[in-house]
Amino acid sequence: MEKRASAKKTAKKAAPVRKAAAVKEATVAPEKAAAPVKKASATKTVAAKPPRSESRTALVRRARRINRELAEVFPYAHPELDFENPFQLIVATVLSAQTTDLRVNQTTPALFAKYPTPEDLAAANPEEVEEILRPTGFFRAKTKSVIGLSKALVENFGGEVPGRLEDLVTLPGVGRKTAFVVLGNAFGRPGITVDTHFMRLVRRWQWTAETDPDKIEAAVCALFPKSDWTDLSHHVIWHGRRICHARKPACGACPIAPLCPAYGEGETDPDKARKLLKYEKGGFPGQRLNPPQAYLDAGGKAAPPLGATG
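Residues numbered from 1 in each chain as written. Predicted model: local features only at pLDDT ≥ 70, side-chain atom pairs only at ≥ 80, totals over all residues. Heavy atoms only, no water.

Q: Please explain the overall build of the protein as it appears in this structure.
A: When helices and strands are tallied, the protein shows 15 helices and zero strands. Partitioning the intrachain contacts of the protein with sequence separation of at least 6 by distance along the chain shows that 61% fall at a separation of at least 24. Of the roughly 16500 Å² that the protein leaves accessible, carbon and sulfur atoms contribute 54%. (Helix = DSSP H or I, 4+ residues; strand = E, 2+ residues; numbered from the N terminus. Contact = heavy atoms within 4.5 Å. Areas by Shrake-Rupley, 256 points an atom, 1.4 Å probe, with all protein chains shown as cover.)

Structure follows, in structure tokens:
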């Protein structure tokens, strides 16, 4: 009898453990990840994650679906640096390091008005260039880079921006990221731009666990056809700037929440999440002074010039 009583007590104690385990499993079941954003609770919860055993085929399908969804949300996605030719784009991209595209766009009109060609910038007085570039930060190093790359363009490429990766990366201040921005947007040659936003999002989406930009580039390139690479970069970067922020993602306002393994890391309440949206999604100007017409037609606003208020 004592043994039976002891067994019953043991069973009663064990029961809650089994129940707790069942609840824990339910919170990470794939079905949770597919829950619509509009049904998300105001309480932050741990997001359901794709199973560790997600096959390569499943990963490719999920990644491409995310890109399709973002293409619908941002059909007018474009490079957010103002430029009229490859030279302006490569200089603006170099200047965008450690600052915003908006700040670069507010600064480059004065630079290009005074030095419109590589020949002009190559022969410029560094102190005068530094004064123009001061608002972008690290202005001495950036002055050295843009004057150096202008001299290299004049001396090695006849004053023209080359359209090959292997040539672009020989220019001072130009790495693979800058080269692919130029190739994709000035020459129409596909490339993936791995900036801080891109690195953050593809890791949140578990497209790759790599941390090195070159390895991230290779891993993501393998998930998509080459023709998608440039637009994919725009979609991911726009989403990172407007919705999937570094510190507090607007999860409750995210159009791809059902596909995101990191859902729940940010604000899940829809109303609170909407207040976190930036740029045109939050009713604010975008990064460009002179954005494409399609962006304006979709309700986007041009950025204010340098020194403007209100």
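Q: Can you help me understand the packing of aromatic side chains in this one?
A: Each aromatic ring pair is summarised here by two numbers: the centre-to-centre distance and the angle between the ring planes. Here the structure, examined in full by the defined rule, presents seven aromatic pairs. Judged by centre distance (5.9 Å) and plane angle (85 degrees), the rings of Trp238 and Tyr295 are edge-to-face. Of this pair, Trp238 sits in helix H13 (residues 229-242) while Tyr295 sits in helix H15 (residues 293-297), placing them 57 residues apart in sequence. Tyr295 carries the same exposure label as Trp238, and that label is buried. An aromatic cluster of at least three residues, connected via ring pairs, comprises Phe74, Tyr76, Trp238 and Tyr295. Positioned above the aromatic ring of Trp238, the side-chain terminus of Arg242 is 3.7 Å from the ring centre. (Phe/Tyr/Trp six-rings, centres within 6.5 Å; stacked < 30°, edge-to-face > 60°. Buried < 20%, exposed > 50% of the residue type's maximum accessible area, 1.4 Å probe, protein only. Lys NZ or Arg CZ within 6 Å of the ring centre and 35° of its normal.)

Q: Looking at this model, I keep getting lost on the packing of helix H4 (residues 86-95) against helix H8 (residues 139-157). Mind explaining?
A: When two helices pack together, their arrangement is given by the angle between their axes and by how far apart the axes lie. It is at 10 Å that the axes of H4 and H8 come closest, and there the two elements cross at 150 degrees. Here H8 runs roughly antiparallel to H4, going by the angle between their axes. Crossing angle aside, the handedness with which H4 passes H8 is right-handed. Residues Phe87, Ile90, Val91, Val94 and Leu95 of H4 pack against Lys142, Ser145, Val146, Leu149, Ser150 and Leu153 of H8. Partitioned by chemical class, the residues of the contact of H4 with H8 number eight nonpolar, two polar and one charged. (Axes fitted to C-alpha atoms, helices over the stretch in contact; angles between N-to-C directions. Parallel < 35°, antiparallel > 145°, perpendicular 65-115°, else oblique. Left-handed = near helix turned anticlockwise from the far one by under 90°. Nonpolar A, V, L, I, M, F, W, Y, C, P; charged D, E, K, R; others polar.)

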